[in-house]
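Coordinates in review
Next come the chains, spelled out residue by residue.
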Amino acid sequence: MNLWKRAYLHITRKKGKSILMFCILLIMSTLILTCFAIQSATDTAAFNIRTSLKSGFTINAKSVDTQLEGHIVSGIMDTNGIAADFNLRSYFYAEYYSLNGQLLDITTDGAIEIPEGYEHAGKMVSNTYSNMDTYFLEAGFELIEGQHITANDRNVIIISETFASQNGLSIGDTLVLGGIGETDGHVKVEVVGIFKATLPLDAGVAPSYDLYENISFSDNETYSQLYYHDGDTHYQYGDFYVDDPAELDTILSDVMSISGIEWEKCIITVNDVDYQNAKAILETLQNLVTLIIFVVIGVSTLLLALILTLWVKNRIYETGILLAMGFCKRNILIQHLMEILMVAFVTFVFSFLTSSLIAQNIGEHLLNQAATENQVVETNLAEGTAEKNTETLTSIEVTVSFSNLLLIYIIGTGIVMLSILLSSYPIMRMKPKEILTKMS
Amino acid sequence: MNVLKRALLYVTKKRGKSLLLFLIIFVISTLVLCGLASLDAEEESSLELRGTTGTSFTVARNLSSGSWSNGASGSYSTQEYISNDIVEKISNIDGIQAYDVSSTTILHFYDVDGNYYECLNPIGYANVDCQYYTNTSINSEYSSLFLSQTFSLSEGRHIVVTDENVVLISKEVAKKHNFQIGDEIYGVIDPDSSDPVVALKIIGTFEVNIDKTDEKNNYNAASYYDYENYAYTDINAMETLLTNYEGERPSDGYSCVDFFVSDPETLENIIIEAQAISSIDWNNFTITANDEVYERVASSMSDMSSLIRVLMIIIVAISMGIITLILSMWLKSRIHETGILLAAGISKTSILLQHILEVGFIAFFSFPLSYIASKAVAGTIGGLFEKTADKVIVTVRHLRLVCGIGVIILILAIVVSCIPTLKLKPKEILSKLS
């Protein structure tokens, strides 16, 4: 009877044993494959956490003659790893005129002084997105009418409630801004929004232009036309964000290699406090997963070796008979190997299915959980702080990758062969007679 | 021969097999112990991770529900202030890690001889150049500028609730005047009045990390002071300094207080608990949750911990499955023996008990040893990842769990895998063998 046939017969006749071995191999390979799938999913989750901790940097280019120019900003936005949201801003002063050239009134009550040349002027802030301005985020400004300024707006203005009523301005009206100082630029702007200050100005010493009533918001184009009128857009400050705060340093050095601006004159501030706070503990969690996977792989290898030893040990009797029948030791050893490998082969195919199934279940479990959590967030904490940015997150996929599968097959086969060789060694060393006498 | 003796003899005579089973139980229980310890470590780390989002809630005077009055400096709200009593009651709620008040006063600093300490970047007016923008703080570590890392402590320590007459100043100012930690400086609100002068001990200096020239911060009075000219002092000192300022002293109450929670998940419940304190008239105060950062990361954080938890659960469950399978394999190879024992007139219960005792003997040694081994494994492998090692701690509680559940699983596995054999008659068993 040839080797193959013997191995095949053994598997099919000893069904119970084969099924057991199949189960053990299946469970182990499923376990390891699932571990790998979960590990890569936790890496995605960790990446999502880092992304959500919104880190970035601010470039202060106020001391550079041309400041931040449009092409520099596009260069930065094209840098790998820069997130899509950004805000560009400038701070300046402008005189307010009506469309027919008359100077408009500003509030002077409560001002410590009205500096010369600023009798009809106010502080202006230009933003790519005015809702991201600190006046709205921190100083308690609220838009009561109209719309916030966004990236596509040109020559628009948001004014205070008081300033609007003082000068009879409403949404859709046009006024003229005049530059102060060396510039003589004039720009027509349309009122698109009206704000109200909900908190009092916490400053006893503010000059007239800093009073909340005299402040207005505009777009970066208006600022550039007023103070540069060279056709290009200029920005004093740029706030940029990165997808992965762990890459912030690399991205920053990439950004600073963009030519066309005197980087040494810029002040760059990194904003990644939240990430820095979470960093160490986040790494601990990821290490925990790696740690447990190491333990699982180690334990599985050991277990498999032990079980195979048990399996070979149980077959001393049979081995003795075969040897007595004149089969060479190598032949018997190969038979044992063949048996296990045949089972292992079937197992590996199945383990892909089982681990994929488990992975899919975990994935769905996470989705359901996220769905219920969203509901909770929406129903509670109605103050409106819960603004989720889930759309920018990478969706977590718990999947068994082909490369992991291949790895398991190769390593698994290796372990099986090694264990059988090692556990067969003591038996194979003995003479058939010794083996058979040992049995009784 | 009684059951105990038979079991003992089997285990000692079949040394190889016993050793194998011992190793298998040992290895699996080590894995389960590591898994359980990691599960605890995950819980602790996730809590800590959530804690890093600095989630808090702010209690403030509700200006819209209070009435207003007019005075020399314009109209002001007559709304109730947040008294120390209220602060204490709220801070006693479980889960509140710390709290801080935020109020600012301009202080003049000078030395024992009455010479002013000039601030950084003086503008040339003597009466302005020794003014410091001073925050009153209970736990300065939790004041907003320190939390946002605008400032970081560079030397000394933070102000805590028990401090009296202490001050934190910037490193630059300390350098300019050669101040050392422990030096005393004198502070007063209005040097030209009868305001009390308080000797303040410098307990720490802070470093400024942020570009103050960025005009985005220039929306209030604070913008007129360089960050280097900021200072922090405690409420006791401020109480004395403000002696002449009725209504502004810390004992008169605060206009807003931030309470920091250790776990953002509990924020809602803590707020509800605070609102249930009957002695506080919540009509006079507002509560705002500051949990933007947490809300942004909450779902990813919970994904992460569910993934890890699922991983551990799978590992523990599969370990149980494996041990059951191995035991049935072990018992299957003993059909021959079982048949003989039955033929010898030994009852089925006795045989079953023997099997259980055998495994029991082995497990008795495996479990404690796996406790030691898992501690070592967690230590060595954890050591590769520095901080992780401190978190994965195998405790006696884990061992108890493994022993308890382990014994039940072992017995169940033996009983289940013995059923087919024991159902057969001795003759059937023996004939099945050939």
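Cut-offs applied
- Counting starts from 1 at the beginning of each chain's written sequence and moves along it residue by residue.
- Naming scheme: in the order in which they are written, chains are lettered from A and ligands are numbered from 1.
- For this predicted model, a pLDDT threshold of at least 70 governs which residues receive local features, and a threshold of 80 or more governs which side-chain atom pairs are given and counted, while totals over whole chains, interfaces and linings are taken from all residues.
- Domain start and stop points were drawn from an automatic or database domain assignment.
- Once C-beta atoms are placed from the backbone, any two residues with those atoms within 7 Å are in contact.
- Counting from the N terminus, the helices are the DSSP runs of H or I reaching at least four residues and the strands are the DSSP runs of E reaching at least two.
- Nonpolar residues are Ala, Val, Leu, Ile, Met, Phe, Trp, Tyr, Cys and Pro. Charged residues are Asp, Glu, Lys and Arg, and all others, Gly as well, are polar.
- Whether a residue is buried, exposed or partly exposed follows from its count of other C-beta atoms within 10 Å of its own C-beta, namely 20 or more, 12 or fewer, or something in between, respectively; the C-beta atoms are built from the backbone.
- Here the arc refers to the directions that run from the helix axis out to each C-beta atom.
- Axis geometry follows a simple rule: fit a line to the C-alpha atoms, using only the stretch in contact for helices, then measure angles between N-to-C directions, giving values from 0 to 180 degrees.
- Oblique is the label for every angle not falling under 35 degrees (roughly parallel), over 145 degrees (roughly antiparallel), or within 65 to 115 degrees (roughly perpendicular).
- Handedness of each helix crossing follows the sense of rotation of the near helix against the far helix: counterclockwise by less than a right angle gives left-handed, clockwise gives right-handed.
- The predictor attaches a confidence to each residue, called pLDDT, with possible values from 0 through 100.
- Strand pairing is assigned whenever DSSP detects at least two bridges linking the two strands.

Focus: the domain arrangement of chain A
When cut into domains, chain A gives domain 1 (3-51 + 277-439) and domain 2 (55-271). A separation of 60 Å is found between the C-alpha centroids of domain 1 of chain A and domain 2 of chain A.

A short note on the interface of chain B and chain A
Contacts between chain B and chain A engage 72 residues on the former and 78 residues on the latter. If you list the elements that add at least two residues to the side of chain B that touches chain A, you get α2 (15-51), β13 (285-290), α8 (292-332), α10 (348-383) and α11 (387-391) of chain B. For the side of chain B that touches chain A, the element with the highest residue contribution is α8(B), accounting for 27 residues. Here the residues of the side of chain B that touches chain A are counted per class, giving 34 nonpolar, 22 polar and 16 charged.

Remarks on helix α7 (residues 267-275) of chain B
All names here are of chain B. Of all the positions in α7, only Leu267, Ile270, Ile271 and Ala274 are classed as buried. Seen end-on, α7 carries its buried residues on one side only, within an arc spanning 100 degrees. Tucked into the core, α7 has its buried residues touching β1 (56-61), α3 (84-91), β4 (96-101), β12 (256-261) and β13.

Examining the packing of α2(B) against helix α12 (residues 396-423) of chain B
Residue and element names in this part refer to chain B. Packing of α2 against α12 leaves a shortest axis separation of 10 Å and a crossing angle of 130 degrees. Classified by the angle between their axes, α2 and α12 sit oblique to one another. Crossing geometry of α2 relative to α12 is assigned as right-handed. Contacts between α2 and α12 involve Ser29, Val32, Leu33, Leu36 and Ala37 from the former and His398, Leu399, Leu401, Val402 and Gly406 from the latter. Of the residues belonging to the contact of α2 with α12, the class tally is 7 nonpolar, 3 polar and no charged.

Description of the confidence of the model for chain B
Across chain B, the average pLDDT comes to 85, with 94% of residues at or above 70. Within chain B, no element has a lower average pLDDT than α11(B), which sits at 63, and none a higher one than strand β8 (residues 166-170) of chain B, at 94.

Examining the environment of Glu161(A)
All names here are of chain A. Take Glu161: it is sitting in helix α5 (residues 161-166). Judged by the 16 C-beta atoms lying within 10 Å of it, Glu161 falls in the partly exposed class. Between the C-alpha atom of Glu161 and that of Ile144, which follows or precedes it by 17 residues, the distance is 8.3 Å. With near-sequence residues (within four places) excluded, Glu161 lies in contact with Ile144, Ile194, Phe195 and Lys196.

Regarding the sheet that holds β1(B)
All names here are of chain B. As summarised here, the arrangement of the 4 strands in space is β4-β12-β1-β13, forming an open sheet in which the pairing is antiparallel. The two strands at the open ends of the sheet, each matched to only one other strand, are β4 and β13. Adjacent strand axes in the sheet meet at a mean angle of 20 degrees, parallel and antiparallel pairs treated alike. Pairing of β4 with β12, which is carried by 5 bridges, proceeds in the antiparallel orientation. Directly across from Asp100, in β12, lies its bridge partner Asp258.

Description of the packing of helix α8 (residues 273-313) of chain A against α8(B)
Remark: α8(A) packs on α8(B), axes separated minimally by 12 Å, with the N-to-C direction vectors making an angle of 10 degrees. Viewed along their axes, α8(A) and α8(B) adopt a mutual orientation that is roughly parallel. Read as a crossing pair, α8(A) and α8(B) show a hand that is left-handed. Together, Asp274(A), Leu285(A), Leu288(A), Val289(A), Ile292(A), Val296(A), Leu303(A), Ile307(A) and Leu310(A) of α8(A) and Val293(B), Met304(B), Ile308(B), Leu311(B), Met312(B), Ile315(B), Ile322(B), Ile326(B) and Met329(B) of α8(B) make up the contact between the two elements. Tallied by class, the residues present in the contact of α8(A) with α8(B) amount to 17 nonpolar, no polar and 1 charged.

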